[in-house]
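Read off the chains here:
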Amino acid sequence: MGNNSWIKPGASRDAQREAKRQAVLQAGACLFNDQGYEQTSLEDIAAVLNITKRTIYYYVQSKEDILFGCHLLGLEFLRETMQQSQDEALRVVDRIALLIRGYCAWVSTDLGATLAMVREHSLSPERRHALRASKAEVDFHLRGLITQGVAEGSLRPCDARLVAAAVFGALNWIPHWNRVPDPVPQGEIAEQILQLVLSGMTAQN
């Protein structure tokens, strides 16, 4: 392939192919975020990987396919975070904190940032619908946690829809201002956002 760093000794053919496909997605995500989806060509992605444009077609069908693959791969990580925050043995505020920390870590990666930085109209209507459905899962999950916290008295009465919108608005803006030579560590950002959110939401005893 012209890029030996992709080769994993001992890996099966399917594993090799998947590793190379993910390398294409990672390279595409980085370029989409840095220079814009419309301004990035398959030739640009191939050049980063030191392969030919023709080689890319062994792993993806189009530039849109790369973008959608980035979203799907990133959302896999986010679903793991959602699953962790569903642990009912934890307090609601701790489950909210898990979700916010996980989302902050995710949106600070190239794959996660594409969801915040690349506009949905770049996708076909079918893929746009699927993406919105996946994003809605996360939104409704946070709303549900907030609603539960209000009902049990650990959180102040509030409009869960508006609070969730404010939280995700702040989180989704991170890659717009923090993709700089000396970025603020994502863990520090998460803790600051958590402090602001929870200090305003937590009920006073």
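Heads up: the structure comes first, above all this text.
Everything numeric in this text was worked out from a predicted model, so none of it was measured. (Residues numbered from 1 in each chain as written. Predicted model: local features only at pLDDT ≥ 70, side-chain atom pairs only at ≥ 80, totals over all residues. Heavy atoms only, no water.)

Colleague: Would you mind going over the overall build of the protein chain with me for this structure?
Modeller: The helix and strand inventory of the protein chain stands at ten helices and zero strands. Moving toward the C terminus, one meets the helices and strands of the protein chain in the order α-α-α-α-α-α-α-α-α-α. The C-alpha extent of the protein chain, read off along each of the three principal axes, is 65 × 35 × 35 Å. Across the 205 residues of the protein chain, 42% fall into the buried class. (Helix = DSSP H or I, 4+ residues; strand = E, 2+ residues; numbered from the N terminus. Buried < 20%, exposed > 50% of the residue type's maximum accessible area, 1.4 Å probe, protein only.)

Colleague: Is there a simple way to explain the nonpolar core in this structure?
Modeller: What tends to happen in soluble globular proteins is that the nonpolar side chains get buried as a cluster. Counting residues in hydrophobic clusters, the biggest one holds 57 residues, and the most contacted among them are Ile45, Ile66, Ile96 and Leu171. When residues of this core are traced back to their parent elements, those giving at least two are α1 (13-35), α2 (42-49), α4 (63-84), α5 (92-107), α6 (110-117), α7 (125-152), α8 (160-172) and α10 (186-201). Here this core takes ten residues from α5, the largest share from any one element. Ignoring sequence-local partners within four residues, the contact set of Ile96 consists of Leu142, Leu145, Ile146, Leu155, Leu198 and Met201. (Core = buried A, V, L, I, M, F, W, Y, C linked by side-chain atoms within 4.5 Å. Contact = heavy atoms within 4.5 Å.)

Colleague: Would you mind showing me how to read unusual backbone geometry here?
Modeller: In most cases, non-glycine residues show a negative phi, while peptide bonds are predominantly trans. A positive phi angle, close to 60°, is found at Asn50, a residue other than glycine. Tracing the backbone through its elements, the reader meets Asn50 in the loop between α2 and α3 (53-56).

Colleague: Would you mind going over α4 with me for this structure?
Modeller: In an α-helix, one turn spans 3.6 residues, which is why side chains three or four residues apart end up on the same side. Under the 1.5 Å per step criterion, the end-to-end length of α4 is 33 Å for 22 residues, consistent within 8% with the ideal 32 Å. Where α4 begins, the side chain of Ser62 points an oxygen toward the backbone nitrogen of Glu64, at a separation of 3.4 Å. (Expected span 1.5 Å × (residues − 1). Polar contact = N/O pair within 3.5 Å; in protein donor to acceptor, adjacent residues only side chain to side chain.)

Colleague: Got a minute to help me understand α10 in this structure?
Modeller: The first and last C-alpha atoms of α10 sit 22 Å apart over 16 residues, in line with the 22 Å expected at 1.5 Å per residue. Burial in α10 covers these residues: Ile189, Ala190, Ile193, Leu194, Val197, Leu198 and Met201. Buried residues of α10, viewed axially, fall in a sector of 140°; they line one side. Exposed residues lying more than 90 degrees from the buried face of α10 are Gln195 and Leu196. Summarising the contacts, the buried residues of α10 are in contact with α5, α7, α8 and α9 (174-178). (Arc of directions from axis to C-beta.)

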